[in-house]
Amino acid sequence: MFALQGRYAAWLFIAPAVFAVVVFIYLPMVLNVGVSFYDWNVLRNEFTWRGVENYLTTLHNIDFHSAAANTAIYLAVLVPAQIIIPLALAFVMLRVRRPLVVRTYRGIYFIPTIVSFSIAGVVWLWMFNPIVGVLNTVLEQIGMPTHRWLSDPDMALWCVAAVSFWKGFGLNLILYAAALVNIPGEVIEAAELDGAGAWVRATRIEIPMISPTLFFTAVTTVLIVLDEIVGVVDVLTEGGPYNSSSNLVYFLYERAFRQFQFGEAASVATLIIVLVAFATWLQFRAFERYVHYQ
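Residues numbered from 1 in each chain as written. Predicted model: local features only at pLDDT ≥ 70, side-chain atom pairs only at ≥ 80, totals over all residues. Heavy atoms only, no water.

1. Side note on the confidence of the model for the protein
The condition is simple: Confidence of the predictor at the level of single residues is captured by pLDDT, which takes values from 0 to 100. Strands here are runs of E lasting at least two residues and helices are runs of H or I lasting at least four, both read from the DSSP assignment and numbered beginning at the N terminus.
Chain-level pLDDT for the protein is 86 on average; 97% of the residues reach the 70-or-more range. Looking across the protein, the model is least confident in helix 8 (residues 185-193), with a mean pLDDT of 80, and most confident in helix 2 (residues 53-59), with 92.

Here's what the structure looks like:
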């Protein structure tokens, strides 16, 4: 009887979480797939069957091609950068022996993560301003040529990537620092007694011992780059100039809420869901075997 009560109690405790996941994640996904096969007139609330036409229209859209190519560049640049650079900084902070200095640097690095996109966007718009911006002012002072930054099709994407990195790397840094601090001290001391240098300790002991954290940040960083960068794109460039800085999520936003093509937008959302699922599955298949939980 007590075991039966415990089973019902467990379901009772997880029911709110299960309800929230089903209602706010899985149900909208299913409804989105359904809408992707229709032309939805929002004003009249009328649905016209289109079948796979929305998908074909999306796949033949030149702006979709640009957004997909930009998304691939964002992933190729930001995912390694947001994993490797915070990990290197975490190792550097681990070598600092003054707790006050370590806490100060952690706070400095983490502040951009909690700053809203609107505030960060205003600050960076001022810095990228081609006339009175800080970056061009500094370049003028040292005798280097200035740039148009966000209005230059060749530079807009890299400016968005730089701001996105600045905005998001602090979270991974804190996670790595916490994982490194929790490595048992006797393991490090034993390695030092055996004559292992800093590089050997980092690559043979410390990184393998924090592999669960590395795996977690690798998966979540891909999701963050695909999703949260749209806030930076919207504030800084609105996908321009000439779609040079757009990505798939921002393309979805434009099709839905600026051009009111909700059926096509739903098809883009479905394609993004498939992309995210495939990327996550690929990461699990490729890296889970290297993760050590003991």
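So that's the structure; there's more coming.
2. Quick word on the environment of Phe37
Rule in force here: Contacts are assigned to residue pairs with any non-hydrogen atoms lying within 4.5 Å of each other.
Along the chain, the position of Phe37 falls in the loop between helix 1 (2-35) and strand 1 (38-41). Put simply, Phe37 and Phe47 are 10 residues apart on the chain and 9.4 Å apart in space, counted from C-alpha to C-alpha. With residues near it in sequence (within four places) discarded, Phe37 still touches Thr48, Trp49, Arg50, Gly51, Val52, Asn54 and Tyr55.

3. Structural notes on a nonpolar patch on the surface
Spelled out, the test is: Residues enter patches when they are more than 30% accessible in relative terms and free of salt bridges; like-charged ones are connected within 9 Å and nonpolar ones (Val, Leu, Ile, Met, Phe, Trp, Tyr) within 5 Å. Each accessible area value is a Shrake-Rupley result obtained with a 1.4 Å probe; residue values ignore everything except the protein chains displayed when judging cover. Whenever a carboxyl oxygen of Asp or Glu lies within 4 Å of a side-chain nitrogen of Lys or Arg, that contact is scored as a salt bridge. Burial classes follow relative accessibility: with a 1.4 Å probe on protein chains only, a residue under 20% of its type's maximum area counts as buried, one over 50% as exposed, and anything between as partly exposed.
A cluster of nonpolar side chains, Trp11, Phe13, Ile14, Val18, Val21, Val22, Phe24, Ile25 and Tyr26, forms an exposed patch at the surface whose accessible area comes to about 970 Å². Residue position: Trp11 is located in helix 1. On the basis of relative accessible area, Trp11 is assigned to the exposed category, the value being 56%.

4. Concerning helix 5 (residues 117-128)
This is how it is decided: Take the residue count of a helix, subtract one, and multiply by 1.5 Å to get its expected span. What the arc measures is the spread of directions leading from the helix axis to the C-beta atoms.
Between its first and last C-alpha, helix 5 extends 16 Å over 12 residues, near the 16 Å set by a 1.5 Å rise per residue. Taken residue by residue, helix 5 has Ala120, Gly121, Trp124, Met127 and Phe128 as its buried positions. Buried residues of helix 5, viewed axially, fall in a sector of 125 degrees; they line one side. The exposed residues of helix 5 that point more than 90 degrees off its buried face are Ile119 and Val122. Those residues of helix 5 that are buried lie in contact with helix 6 (134-141), helix 7 (156-181) and helix 11 (229-236).

5. Here we look at the packing of helix 8 against helix 9 (residues 198-209)
Filter applied, for reference: Orientation is described by lines fitted to C-alpha atoms, with helices fitted over the stretch in contact, and by angles between N-to-C directions that extend from 0 to 180 degrees. By definition in this entry, angles of less than 35 degrees are roughly parallel, angles greater than 145 are roughly antiparallel, angles of 65 to 115 are roughly perpendicular, and the rest are oblique. A crossing counts as left-handed when the near helix is turned anticlockwise from the far one by less than a right angle, and as right-handed when that turn is clockwise. Charged means Asp, Glu, Lys or Arg here, nonpolar means Ala, Val, Leu, Ile, Met, Phe, Trp, Tyr, Cys or Pro, and polar covers whatever is left, Gly included.
Closest axis-to-axis distance for the helix 8/helix 9 pair is 11 Å, and the angle between their directions is 165 degrees. The angle between the axes of helix 8 and helix 9 places the two elements in the roughly antiparallel class. Of the two possible hands of crossing, helix 8 and helix 9 adopt the one that is right-handed. Taking contact as the criterion, the partners of Val187, Ile188, Ala191 and Glu192 in helix 8 are, on helix 9, Arg201, Ile205, Glu206 and Met209. Residues belonging to the contact of helix 8 with helix 9 are distributed by class as follows: five nonpolar, no polar and three charged.

6. Topic: the packing of aromatic side chains
Going by this rule: Put simply, two rings from Phe, Tyr or Trp (the six-membered ring, in Trp's case) pair if the centres are within 6.5 Å, and we call them stacked under 30 degrees between planes, edge-to-face over 60, tilted for the rest.
The tally for this structure, following the rule as stated, stands at 19 aromatic pairs. Pairing Trp124 with Phe128 gives two aromatic rings, centres 5.4 Å apart and planes at 35 degrees, and the pair type is tilted. Separated by four residues within a single helix, Trp124 and Phe128 lie in helix 5, roughly one turn from each other. The exposure class assigned to Phe128 is buried, which follows from its relative accessible area of 4%.

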